[in-house]
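Notes for the structure review
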Amino acid sequence: MISNQVIRFAVMIDSPILKNWQLKTIERLLENPSNELVVFIENANQSSYRASKLSLGFRYLERQLRKSYLFQSNSIEAEFKKFERIKLEPKKQGIALLIIKDDLEKLNDLKLDFILRFGFGILKGEILNLPKYGIWSFHHGKPEEFRGGPPSFWEFLKGNNTNGIILQQLNEKLDAGRVLREGNIAIWKHSYIEHTNRLFNYGIDFPNWVCNSIRLNNGELNSRPILKKGPIYKTPSNWKVFQFYFKLLKGKILFHYIQLFQGEIWNIGVANSIEESRGRKEVKDIVWAAENKSGVYKADPFWGEDEKVYFENYDYRTLRGDINCIKYENKQWANESIFRQDNTHYSYPFYLESKNQKFLLPENFQSNKLNLYKLEKGEIINTVTLLEGNWIDPTLIEHEGRWWLFVTPQEQSNEALHIYFSDNISGPYQAHPLNPVKIDICSTRPGGMPYFNEERSLIRPSQNSAKTYGASIVLNKILVLNENHFEEIKIDEIFPDSNSKYKHALHTFTYKGNQILIDGKRLAFIAPSFWSQLKRKSKRIFKA
């Protein structure tokens, strides 16, 4: 488990005024009593920020961004006054800064484990190797695709579906450090401000997460190299800002149009093969269940006992899902019935068997509980609460003598993977010390029953929601799963049948022999959904 190793750090700043996201990052580090802030290192030669050098369009965009809490400025004096501040006068070497010998000796005496860089620009020289674990710096983008800045602007303008974020250990090569922690989130194309807030908010915990990883890894720092260098982007011109706002307007219109006029109709089916089609792997030869009446759909299917299939039955009129079951035999769907229904929303009825006992673990985040139901002859005979909280798509497996529970929190349901573990199926469950163990819109959220492949590797299906909700299934090979570490890699991606009626998405995938239980999505105008969305949007408009 996690050790009590004290990790001493300093923060490099250009002035005592920092953005709130930077202050929150320091606060998060200090919430851990094993992290010790030693000193603030201030750049005595920092010239004042000159907004007049920026285009008028970008200055306006910056002012809009500064209305958000995370990008407002505050002094370190209020909360961090008790901590020592030292001023250094670095020497310029081209575009980089060098810390002079006398100052290096002062810093060396502090016996720092790392320095968090919130100032000083590009650094070169001995300072990079002076702390035990180096100098850490954020880059709010994927360095393999976007270097320079401003954060998230160019990803937005270029039409990307995702936006990366990394915490890196700097070295002598520009934009070629070692990645210590990374994330990949969806771009909200209808709101640049909200998206950028989300991006920076995710990064607040990164340095503390790396510190905990060090403690769990016997004092060693895990990292990976940056594989390639993407193009360098600079502050945008007025014309680029105009293009940006045009794209933002288009994104807002499309966002509201889809919510009002393109409702999701899901259905469940059994695929009998996976074939190459249009340069990708698609589920084929599908036997679909009969569609429900208008405004009701089937989704999230799981194999149960005796050819039974449990699934979510969602009704747009009540805005609530129930758990139903149906038989699938001889390529026929029959005998649908209600299994679990109350005044809260149910979905993702994860079914499992252990020691001749049968269990169902459905999502029910509105109850603020994650309940495991023990079944006998298709009836619930016992209920155990595994976790409190609004957890999404619970997936429970037994691996190497321990039970592992994969979930995502409702507020970050497509992006942040959490793991809990226990020696017993009924708990108590303990949070993994590195939660969230993964942040990736492309392969985080559980999407079906994990399984062992022919090589006896554990495969975890997950949802790729970068382009649209549940667009495809990503198959991840789990490399490490223990109480100190989690690591997986993508090995395949499965798409919906492009010739099917339900070609827009595939977000549940469970093997049974040669058959694969799936769901698929089509888009349609749904009157109950339209009126529900219109009512919600109207309330927001009049409230504003």
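For the structure itself, consult the block above.
Bear in mind the structure is a predicted one, so any value in this text is a computation, not a measurement.

Take the overall build of the protein next. From N to C terminus, the protein includes 9 helices and 36 strands. Here the C-alpha radius of gyration of the protein, 26 Å, is about what a compact globule of 544 residues would show, namely 24 Å. Principal-axis analysis of the C-alpha atoms gives the protein an extent of 80 × 55 × 45 Å. A separation threshold of at least 6 residues defines the contact pool for the protein, and within that pool the share at least 24 residues apart is 60%. Entry remark: accessible area of the protein is about 25,500 Å², with carbon and sulfur atoms responsible for 48%. Computed over 75 positive and 62 negative side-chain charges, the separation of the two mean positions in the protein equals 8 Å.

Moving on, we come to the packing of helix 1 (residues 20–31) against helix 7 (residues 206–216). For the pair helix 1 and helix 7, interaxial distance at closest approach is 8 Å and the crossing angle is 30°. Taken together, helix 1 and helix 7 sit at an angle that is classed as roughly parallel. For the pair helix 1 and helix 7, the contacting residues are Thr25, Arg28 and Leu29 in the first and Pro207, Asn208 and Cys211 in the second. Residues of the contact of helix 1 with helix 7, tallied by class, amount to 3 nonpolar, 2 polar and 1 charged.

A few words on the nonpolar core. Counting 65 residues, the largest nonpolar core has Val11, Phe40, Phe114, Leu116, Phe118, Trp136 and Phe406 as its most contacted members. Here the element with the most residues in this core is helix 7; it accounts for 6 residues. Grouped together as the second largest cluster of nonpolar side chains are 27 residues, Leu352, Leu360, Tyr373 and Tyr429 included.

Applying the stated criterion across every chain yields a total of 43 aromatic pairs. Through pairs of rings, three or more aromatic residues link up here, namely Phe58, Tyr60, Phe146, Phe153, Trp154, Phe156, Tyr192, Tyr233, Phe244 and Tyr245. The ring of Trp209 is capped by Arg181, whose NZ or CZ atom sits 3.9 Å from the centre of that ring. Positioned above the aromatic ring of Phe452, the side-chain terminus of Arg456 is 4.6 Å from the ring centre.

Tracing the chain through its elements places Gln168 in strand 12 (residues 162–169). Judged by its relative accessible area of 7%, Gln168 falls in the buried class. Polar side-chain contacts of Gln168 include one of 3.5 Å to the backbone nitrogen of Gly177. Among all residues touching Gln168, those that are not within four sequence positions of it are Ile135, Trp136, Ser137, His139, Gly177, Arg178, Val179, Leu180 and Ile226.

Within the open sheet, the 8 strands sit side by side as 31-32-33-34-17-16-36-35. Their pairing is mixed. Two strands close off the open sheet at either side, each with one partner strand: strand 31 (451–452) and strand 35 (509–512).

Another aspect to go through is the packing of helix 2 (residues 56–65) against helix 8 (residues 238–261). Taken N-terminus to C-terminus, the directions of helix 2 and helix 8 make an angle of 50°; their axes are 7 Å apart at the nearest point. With respect to each other, helix 2 and helix 8 are oriented oblique. Contacts between helix 2 and helix 8 pair Leu56, Gly57, Phe58, Tyr60, Leu61 and Gln64 from the former with Asn238, Val241, Phe244 and Tyr245 from the latter. Looking at the contact of helix 2 with helix 8 residue by residue, the classes come out as 7 nonpolar, 3 polar and no charged.

A separate point is the sheet that holds strand 24 (residues 369–376). Strands pair in a sheet through their backbones, by hydrogen bonds, and they do so in one of two ways: parallel or antiparallel. If you walk across this open sheet you meet the 4 strands as 22-23-24-25, and the pairing is antiparallel. The open sheet is flanked by strand 22 (347–354) and strand 25 (379–388), the only strands paired with a single partner. If you compare each strand with its neighbour and ignore which way they point, the axes differ by 25° on average. Here strand 23 (residues 357–363) pairs with strand 24 via 3 bridges, running antiparallel. Of the residues in strand 24, the one forming a bridge with Phe359 is Lys374.

Here the bond from Gly149 into Pro150 is cis, since omega is 0°, no more than 30 degrees from zero. Counting through the fold element by element, Pro150 comes out in the loop between strand 11 (147–148) and helix 5 (153–157). Between Asn435 and Pro436 the backbone carries a cis peptide bond, its omega angle lying at -10°. Inspection of the secondary structure assignment puts Pro436 in the loop between strand 29 (430–431) and strand 30 (438–439). The residue Asn356 is not glycine, and still its phi comes out positive at about 65°. Along the chain, the position of Asn356 falls in the loop between strand 22 and strand 23. Here Asn356 falls in the exposed class, since its relative accessible area comes to 80%.

All right, on to the pairing of strand 24 then. Linkage of strand 23 to strand 24, two consecutive antiparallel strands, is achieved through a turn of 5 residues, within which Asn368 is found at a positive phi near 65°. Direction of pairing for strand 24 relative to strand 25: antiparallel, over a ladder of 8 bridges. In the strand pairing of strand 25, Leu375 is matched with Ile380. In sequence, strand 24 turns back onto strand 25 through a hairpin of 2 residues, with Lys377 there showing a positive phi of about 55°.

Here we come to helix 9 (residues 527–543). Over its 17 residues, helix 9 extends 24 Å from the first C-alpha to the last, a length consistent with the 24 Å expected when each residue adds 1.5 Å. Buried within helix 9 we find Ser529, Phe530, Gln533 and Lys537. Projected down its long axis, helix 9 shows its buried positions confined to an angular sector of 100°, all on one face. Exposed residues lying more than 90 degrees from the buried face of helix 9 are Trp531, Lys535, Lys539, Phe542 and Lys543. The inward-facing, buried residues of helix 9 contact helix 8.

Glancing now at the pattern of salt bridges. Scanning the entire structure with this criterion turns up 30 salt bridges. Linking Glu27 and Lys24 is a salt bridge whose minimum nitrogen-to-oxygen distance equals 3.8 Å. Residue Glu27 and its partner Lys24 are located together in helix 1, separated by 3 residues, close to a single helical turn. Salt bridges sharing partners connect three or more residues here, namely Arg280, Glu282, Lys284 and Asp497.

Okay, the pairing of strand 20 (residues 320–329) next. Taken across its 10 residues, strand 20 has 7 buried, putting it largely inside the fold. Bridge count for strand 19 (residues 308–315) against strand 20 is 8 bridges, and the pairing is antiparallel. Counted as the bridge partner of Val309 is Ile326 from strand 20. Between strand 19 and strand 20, which pair antiparallel one after the other, the connecting turn spans 4 residues, and Leu319 there sits at a positive phi close to 55°. The sheet contact formed by strand 20 and strand 21 (residues 332–340) spans 6 bridges and is antiparallel. When the sheet's bridge partners are listed, Tyr328 is paired in strand 21 with Trp333. Taking the residues between adjacent antiparallel strands as the criterion, strand 20 and strand 21 are bridged by 2 residues, where Asn330 takes a positive phi near 50°.

Analysis parameters
Residues numbered from 1 in each chain as written. Predicted model: local features only at pLDDT ≥ 70, side-chain atom pairs only at ≥ 80, totals over all residues. Heavy atoms only, no water. Helix = DSSP H or I, 4+ residues; strand = E, 2+ residues; numbered from the N terminus. Rg over C-alpha atoms; globule rule 2.2 N^0.38 Å. Contact = heavy atoms within 4.5 Å. Areas by Shrake-Rupley, 256 points an atom, 1.4 Å probe, with all protein chains shown as cover. Lys, Arg positive; Asp, Glu negative; His and termini not counted. Charge placed at Lys NZ, Arg CZ, Asp CG, Glu CD. Axes fitted to C-alpha atoms, helices over the stretch in contact; angles between N-to-C directions. Parallel < 35°, antiparallel > 145°, perpendicular 65-115°, else oblique. Nonpolar A, V, L, I, M, F, W, Y, C, P; charged D, E, K, R; others polar. Core = buried A, V, L, I, M, F, W, Y, C linked by side-chain atoms within 4.5 Å. Buried < 20%, exposed > 50% of the residue type's maximum accessible area, 1.4 Å probe, protein only. Phe/Tyr/Trp six-rings, centres within 6.5 Å; stacked < 30°, edge-to-face > 60°. Lys NZ or Arg CZ within 6 Å of the ring centre and 35° of its normal. Polar contact = N/O pair within 3.5 Å; in protein donor to acceptor, adjacent residues only side chain to side chain. Pairing = 2+ DSSP bridges. Expected span 1.5 Å × (residues − 1). Arc of directions from axis to C-beta. Salt bridge = Lys/Arg side-chain N within 4 Å of Asp/Glu carboxyl O.

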